Amino acid sequence: MLPELVKKYKALRPLIITDKGLVRLGILEKLGIPTTFVFDHVETNPTEGMVLEAIEVYRKSGCDSIVSVGGGSPIDLAKCAAILVNHAPPLEQYSILRNGASRITANMPPLIVIPTTAGSGSEVGRAALVTVAGEGKLGFLSNHLLPSATICDPELTMELPSLLTAGTGMDAISHCVETFCSARYNPIADAIALDGLERGYSNLITATHHGTDRQARTEMMMCSLQGGLAFQKGLGAVHSLSHPLGGLTAKQLHHGTLNAIFLPFVLRFNFDFCKEKMKSIADKLKIKKASELPDRFARLNKELGLPVRLRDLGLTKEELEPLANKAKVDHCTPTNPRPLEVADCRQLYRDAW
């Protein structure tokens, strides 16, 4: 399929953006196109510096398009690189916090995306996250960041390690939960999110502990895709709290794992402000009482073998203290169902520690 898409979008000299782990696993040989130009210096929580390195390779190689292969990090980096192909730096000016969406025009190179994890939903989303020096993790949002085409093939997730399967899967589940509970009105997004949540909740344990189960892998990829489609409605405090931690580049903290840790605490915090939504989730997941949801997701983390506290990731209370202000101004905070103040963010960090 990729050779046909490359031809369709006249991508004669694509830059392949991926990571070194996938290169070692032989992903380039599976693409079916020439892989002359490759940028694989992508790490968890990509930085502006990585984006600039990718752009340098793109220009020096005379590339005319981008093919991104990997999880959310390579895909988000590819989107931000695509911005800078025909838009003047600095990257920061295009972020949500700088009201940058209007500065991103349709003058973008073709971008073809192939996810190898089932989690971020970035493959069908119009957003990207990149850590900018001095600013932390910034979000970028524009219809022009939607990939030109996406290939979702669950076969590419079959060799994903169990902990990465669990962490990325909880990322997808958190998207579905937070979108459904978002303060905005969007019944179509709600329906997609609730269906995706049921698929993820019912299949993540199997996909994690029996990774060659094709049906479970297929359902998890659908959960990821649905979460990515639906979270255009907006997310909430789980992501507001996760994003500042993702900006701690020295820590290399996995975004989905952070979301998994925060989810039970945020559900308790939000409960009285979206009781009907919580009841709908409980009914869909065949959980007797909505009030049991926070504890059920906490148990799910344990069943998946994920960390359940921030201290399990080596974080200290002192490292968390400065982050509450950043969480309060995060672009996901306005759509949390319960108003979120700095003091609330600080307490949620303490609770989750």
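Note that this is a predicted model, so its numbers are computed, not measured.

Colleague: Describe the pattern of salt bridges, with residues and values.
Modeller: Side chains bearing opposite charge may pair, as long as their charged atoms lie close to each other. Scanning all chains against the criterion turns up 17 salt bridges. Between Glu198 and Lys284 there is a salt bridge, with the nearest N and O atoms lying 3.5 Å from each other. Here the residue Glu198 occupies a position in helix 6 (residues 187-209), and Lys284 occupies one in helix 10 (residues 275-284), the gap between them amounting to 86 residues. Residue classification places Lys284 among the partly exposed residues on the basis of a relative accessible area of 29%. The salt bridge partner of Lys279 is Asp283, with a shortest N-O separation of 3.1 Å. You can see Lys279 and its partner Asp283 sitting in helix 10, 4 residues apart, about one turn around the helix. Because the salt bridges share partners, they merge into one network encompassing Glu92, Arg98 and Glu135.

Colleague: Please set out the sheet that holds strand 7 (residues 149-150) residue by residue, giving values where relevant.
Modeller: In space, the 5 strands of this open sheet follow the order 2-1-3-4-7, with parallel pairing throughout. The two strands at the open ends of the sheet, each matched to only one other strand, are strand 2 (38-39) and strand 7. Relative to strand 3 (residues 65-70), strand 1 (residues 14-17) runs parallel, the two sharing 4 bridges. In the sheet register, Ile17 faces strand 3, and the bridge partner there is Ser68. Strands strand 1, strand 2, strand 3 and strand 4 (111-115) of the sheet are contacted by helix 4 (residues 72-86), whose axis makes an angle of about 165 degrees with strand 3.

Colleague: Can you break down empty space enclosed by the protein residue by residue, with the values?
Modeller: Where empty space is left in the structure can be found by rolling a water-sized probe over the atoms. Tallied over the full model, the rule gives 3 cavities of 30 Å³ or more. For the largest cavity, the calculated volume is near 70 Å³. In terms of lining residues, the largest cavity is bounded by Val177, Glu178, Cys181, Val238, Leu263, Val266, Leu267, Asn270, Met278, Asn336 and Pro337. If you list the elements that add at least two residues to the lining of the largest cavity, you get helix 5 (162-181) and helix 9 (255-270). Looking at which element gives the most residues to the lining of the largest cavity, the answer is helix 9, with 4 residues. Each residue belonging to the lining of the largest cavity can be placed in one class, and the counts come to 8 nonpolar, 2 polar and 1 charged.

Colleague: Explain the state of the cysteines to me, using residue names and the numbers behind them.
Modeller: For the coordinates displayed, the defined rule picks out 0 disulfides. This cysteine, Cys274, is not joined by any disulfide, and Cys181 carries the nearest cysteine sulfur, 4.2 Å off. Counting only cysteine sulfurs, Cys345 is the nearest neighbor of Cys332, a cysteine outside any disulfide, at a range of 12 Å.

Colleague: So what about the packing of helix 8 (residues 237-246) against helix 14 (residues 342-352)? Which residues, and what values?
Modeller: As a packed pair, helix 8 and helix 14 sit with axes 11 Å apart at the nearest point and diverge in direction by 75 degrees. When the axis of helix 8 is compared with that of helix 14, the two are roughly perpendicular. For the pair helix 8 and helix 14, contact is made by Ser240, Leu241, Pro244 and Leu245 and by Cys345, Leu348 and Tyr349, respectively. Among the residues making up the contact of helix 8 with helix 14, the classes are represented as 6 nonpolar, 1 polar and no charged.

Colleague: Please set out the nonpolar core residue by residue, giving values where relevant.
Modeller: Among the nonpolar cores identified, the biggest contains 58 residues, and Met170, Leu245, Phe262, Phe297 and Leu310 are the most heavily contacted of them. When residues in this core are grouped by element, the largest group, 9 residues, is from helix 9. Setting aside residues up to four positions removed in sequence, Phe297 forms contacts with Met170, Ile173, Val177, Leu197, Tyr201, Leu263, Pro264, Leu267 and Leu285. Membership of the second largest hydrophobic core comes to 33 residues, among which are Ile17, Phe39, Ile66 and Ala128.

Colleague: How would you sum up the pairing of strand 4? Please name residues and give values.
Modeller: Burial runs high along strand 4: 5 of the 5 residues are buried. Every second residue of strand 4 is oriented toward a common face, with Leu111, Val113 and Pro115 on one face and Ile112 and Ile114 on the other, all of them buried. Here strand 3 pairs with strand 4 via 5 bridges, running parallel. For Ile66, the partnering residue across the bridge sits in strand 4 and is Leu111. In this region the chain leaves strand 3, passes through helix 4 and returns to the parallel neighbour strand 4; the handedness of that crossover is right-handed. Sheet analysis places strand 4 next to strand 7, joined by 2 bridges and oriented parallel. Each residue of the ladder has a partner; that of Ile112, found in strand 7, is Ala149.

Rules of the game
- Residues numbered from 1 in each chain as written.
- Predicted model: local features only at pLDDT ≥ 70, side-chain atom pairs only at ≥ 80, totals over all residues.
- Heavy atoms only, no water.
- Salt bridge = Lys/Arg side-chain N within 4 Å of Asp/Glu carboxyl O.
- Helix = DSSP H or I, 4+ residues; strand = E, 2+ residues; numbered from the N terminus.
- Buried < 20%, exposed > 50% of the residue type's maximum accessible area, 1.4 Å probe, protein only.
- Pairing = 2+ DSSP bridges.
- Contact = heavy atoms within 4.5 Å.
- Axes fitted to C-alpha atoms, helices over the stretch in contact; angles between N-to-C directions.
- 1 Å grid on protein atoms, 1.4 Å probe; cavity = no way out; pocket = protein on both sides within 12 Å on 5 of 7 lines; lining within 4 Å.
- Points joined across faces, edges and corners; volume = space filled by probe spheres on them.
- Nonpolar A, V, L, I, M, F, W, Y, C, P; charged D, E, K, R; others polar.
- Disulfide = S-S within 2.5 Å.
- Parallel < 35°, antiparallel > 145°, perpendicular 65-115°, else oblique.
- Core = buried A, V, L, I, M, F, W, Y, C linked by side-chain atoms within 4.5 Å.
- Right-handed = clockwise from strand over helix to strand, strands pointing away.

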